[in-house]
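# An overview of the molecular structure
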Amino acid sequence: MTSAVGSAKTAPADLPSATDSDSLTRSIREKLAMPIHAFVFDLDGVITNTAEYHFRAWKRLAEENRIPFTRADNEALRGVSRRESLRRLLNGRDLTEEQAQDWMARKNSYYQQHLQGLTPADALPGVTAFLAAARSRGLKLAIASASRNARFVLNRLELTQRFDVIGDGHSVSEPKPSPDLFIWVADQLRIAPESAVVFEDAEAGVDAAKLVGCLTVGIGNAKVGHADIHLPDGLKTARVDRILTRLEAVRSNRE
Ligand code: BG6
Ligand code: MG
């Protein structure tokens with residue numbers, strides 16, 4: 001799918017003629033006026049608190065290797081791929097590729113041990129009611145997670161069937177903050193990225209979604225305060241109608 005960003009990049013360097021500029025303005029207006037067709041959710045930290053398990057797994061690996069690693073350090077790993085997380089944890093220390101693969105495999109096995117205990121009760125407060133309300137409004141529902149464990153987590157939560165599309169760490173090769181996963185999910189849903197609302201708890205996720213024109217809802221921490229809407233309490237008290245109304249207002253202010 002060609003994104004709005006992609007087409008802007010390929011525009012000729014010359015200044016557009018009045019007609020070109022009119023049609024550009026029209027195309028931007030059309031995109032802004034697009035109805036909202038789908039809600040697209042990040043998984044870790046939005047649907048369930050597996051972010052805590054990622055932290056414990058990295059912490060164990062760090063302790064085994066006498067690398068200082070705190071809960072505050074872990075905030076920089078939120079939403080970031082396994083490999084990039086390792087790079088940030090190493091903080092300049094060198095590993096061979098073989099060692100890096102071994103460390104990532106170990107972290108993943110620690111993480112998967114935590115996942116064995118996951119049950120439907122581990123969906124964050126308000127999540128299942130919110131998904132049901134969105135579905136009854138006729139919205140499509142999707143997951144866009146960087147995790148290769150996303151399907152396993154959704155199965156344990158018994159939420160897999162709630163989603164029309166599940167994009168995970170296997171779907172695209174460039175992780176967030178590249179927007180590729182959101183483009184992939186929109187493509188699978190057969191909608192334009194501009195008509196999707198992305199729910200994210202990570203800065204990298206909000207940045208990626210914005211790059212392709214998705215509307216954004218920041219969940220929890222202040223690092224996602226730059227989303228179109230910020231819900232510090234997550235989906236606990238979120239109302240689908242209220243979110244849609246607020247996002248329509250965001251859109252009309254952009255026009
Ligand atoms: C993201 C998490 O969803 O997935 C990150 O927020 C994690 O913390 C990334 O590193 C990759 O997950 P996994 O399960 O493939 O190691
Ligand atoms: Mg997340």
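Structure shown above.
If you're wondering where the values come from, they're calculated on a predicted model, not measured in any experiment.

### Quick word on the packing of helix H3 (residues 50-64) against helix H6 (residues 97-115)
- In contact at an axis separation of 8 Å, H3 and H6 are set at 135 degrees when each is read in the N-to-C sense. For the element pair H3 / H6, the angle class is oblique. Note that H3 runs across H6; the crossing there is right-handed. On the side of H3, the interface is formed by Tyr53, His54, Arg56, Ala57, Trp58, Arg60 and Leu61, while H6 contributes Trp103, Arg106, Lys107, Tyr110, Tyr111, His114 and Leu115.

### A few points about the nonpolar core
- Val40, Ala142, Ile143, Phe182 and Val198 are the most contacted members of the largest nonpolar core, which totals 58 residues.
- A domain-level breakdown of this core finds at least three residues from each of domain 1 (36-49 + 120-254) and domain 2 (51-115).
- Not counting chain neighbours up to four residues away, the residues in contact with Val198 comprise Val40, Ala144, Phe182, Ala209, Cys214 and Thr216.

### Examining the pairing of strand E4 (residues 196-200)
- The element E4 is largely enclosed, with a buried count of five among its five residues.
- Taking every second residue as pointing to the same face, both faces of E4 are buried, with Ala196, Val198 and Glu200 on one and Val197 and Phe199 on the other.
- Taken together, the four bridges between strand E1 (residues 38-41) and E4 define a ladder with parallel strand orientation. When the sheet's bridge partners are listed, Ala38 is paired in E4 with Ala196.

Calculation criteria
- Residues numbered from 1 in each chain as written.
- Chains lettered and ligands numbered in written order.
- Predicted model: local features only at pLDDT ≥ 70, side-chain atom pairs only at ≥ 80, totals over all residues.
- Axes fitted to C-alpha atoms, helices over the stretch in contact; angles between N-to-C directions.
- Helix = DSSP H or I, 4+ residues; strand = E, 2+ residues; numbered from the N terminus.
- Parallel < 35°, antiparallel > 145°, perpendicular 65-115°, else oblique.
- Left-handed = near helix turned anticlockwise from the far one by under 90°.
- Contact = placed C-beta atoms within 7 Å.
- Core = buried A, V, L, I, M, F, W, Y, C linked by C-beta atoms within 7 Å.
- Buried ≥ 20, exposed ≤ 12 C-beta atoms within 10 Å, placed from the backbone.
- Domains from an automatic or database assignment.
- Pairing = 2+ DSSP bridges.

Shape is all these values report; function is a separate question.
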